[in-house]
Amino acid sequence: MTDDMTTPLAESPLAESPLAERIEAILLIIDEPIGLVALAAAVGSPVAAVRQALETLVDDYDGRGHGPRRGFELREVGGGWRLYVRDDHDDLVAEFIGGQAPARLSQAALETLAVIAYKQPVTRSQVASIRAVNVDSVVRTLLARGLITELFADAETGAINYGTTDALLQHLGINSLDELPPISPLLDDGADGFDEGTIR
């Protein structure tokens, strides 16, 4: 007699949709590269099967399958997998984002931007720790506005480190981050949340 708690994955609702579709669903919502083991756990499939499915998706997006090459690609970066816009379309995307109607940043966005400006390079989880709130959507907004950029992925964790862009300097009317005011007067003890207290 089989207990409901030990029902094989093949008999669960999770296994009803094709593996590639489940992988794509996860890839579409992540903001940072996801490791193979974590992805396999998320879609409920063996690592080997997920690895093979990823390779098939790469070929498909690159036009080596039955369809055309896509405007995005699937890359392994820092030990994790993530969808990226192809380099060929960087100018197009930048022009599209730059052409969007400007809007005021929310208080949450301004606070997150300040943390990144003073603490960079900094990961999203570090920013979230300092602000004590989830900053995923705010970081996406700042990226879309071109105010911050992905600097590099941590070699061990795959976490993306963020920094500010020249566009931010232009908006602030300064030439470099060195011209930002000292953070100490803005904090109760001069260090809370910014352990180094200086701009890198």
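All figures in this text were calculated on a predicted structure; none of them were measured in a lab.

Let us look at the nonpolar core. The biggest cluster of nonpolar side chains holds 19 residues, and the ones touching the most others in it are Ile23, Leu27, Leu39, Val43, Val50, Leu54 and Leu74. Put simply, the parts of the chain that give this core at least two residues each are helix H1 (19–29), helix H2 (36–43), helix H3 (47–61) and strand E3 (80–85). Of the residues forming this core, the biggest block, 6 residues, is contributed by H3. Those residues within four positions of Leu54 in sequence are excluded, and the remaining contacts are Ile23, Leu27, Leu36, Leu39, Leu74 and Trp81. With 15 residues, the next largest nonpolar core counts Val122, Val138, Val139 and Leu168 among its residues.

Take the sheet that holds strand E5 (residues 148–153) next. Pairing within the open sheet is antiparallel, and its 3 strands lie in the order E4-E6-E5. Looking at strand neighbours, the two that pair on one side only are strand E4 (122–123) and E5, the edges of this open sheet. Sheet topology note: the E4/strand E6 (residues 160–164) ladder contains 2 bridges and is antiparallel. Residue pairing in the sheet places Val122 in a bridge with Tyr162 of E6. Its contacts with the sheet put helix H5 (residues 107–119) on E4, E5 and E6, and the angle it makes with E6 is roughly 95 degrees. Along the sheet, helix H7 (residues 136–144) makes contact with E5 and E6, crossing E5 at roughly 110 degrees.

What counts, and at which threshold
- Residues numbered from 1 in each chain as written.
- Predicted model: local features only at pLDDT ≥ 70, side-chain atom pairs only at ≥ 80, totals over all residues.
- Heavy atoms only, no water.
- Core = buried A, V, L, I, M, F, W, Y, C linked by side-chain atoms within 4.5 Å.
- Buried < 20%, exposed > 50% of the residue type's maximum accessible area, 1.4 Å probe, protein only.
- Helix = DSSP H or I, 4+ residues; strand = E, 2+ residues; numbered from the N terminus.
- Contact = heavy atoms within 4.5 Å.
- Pairing = 2+ DSSP bridges.
- Axes fitted to C-alpha atoms, helices over the stretch in contact; angles between N-to-C directions.

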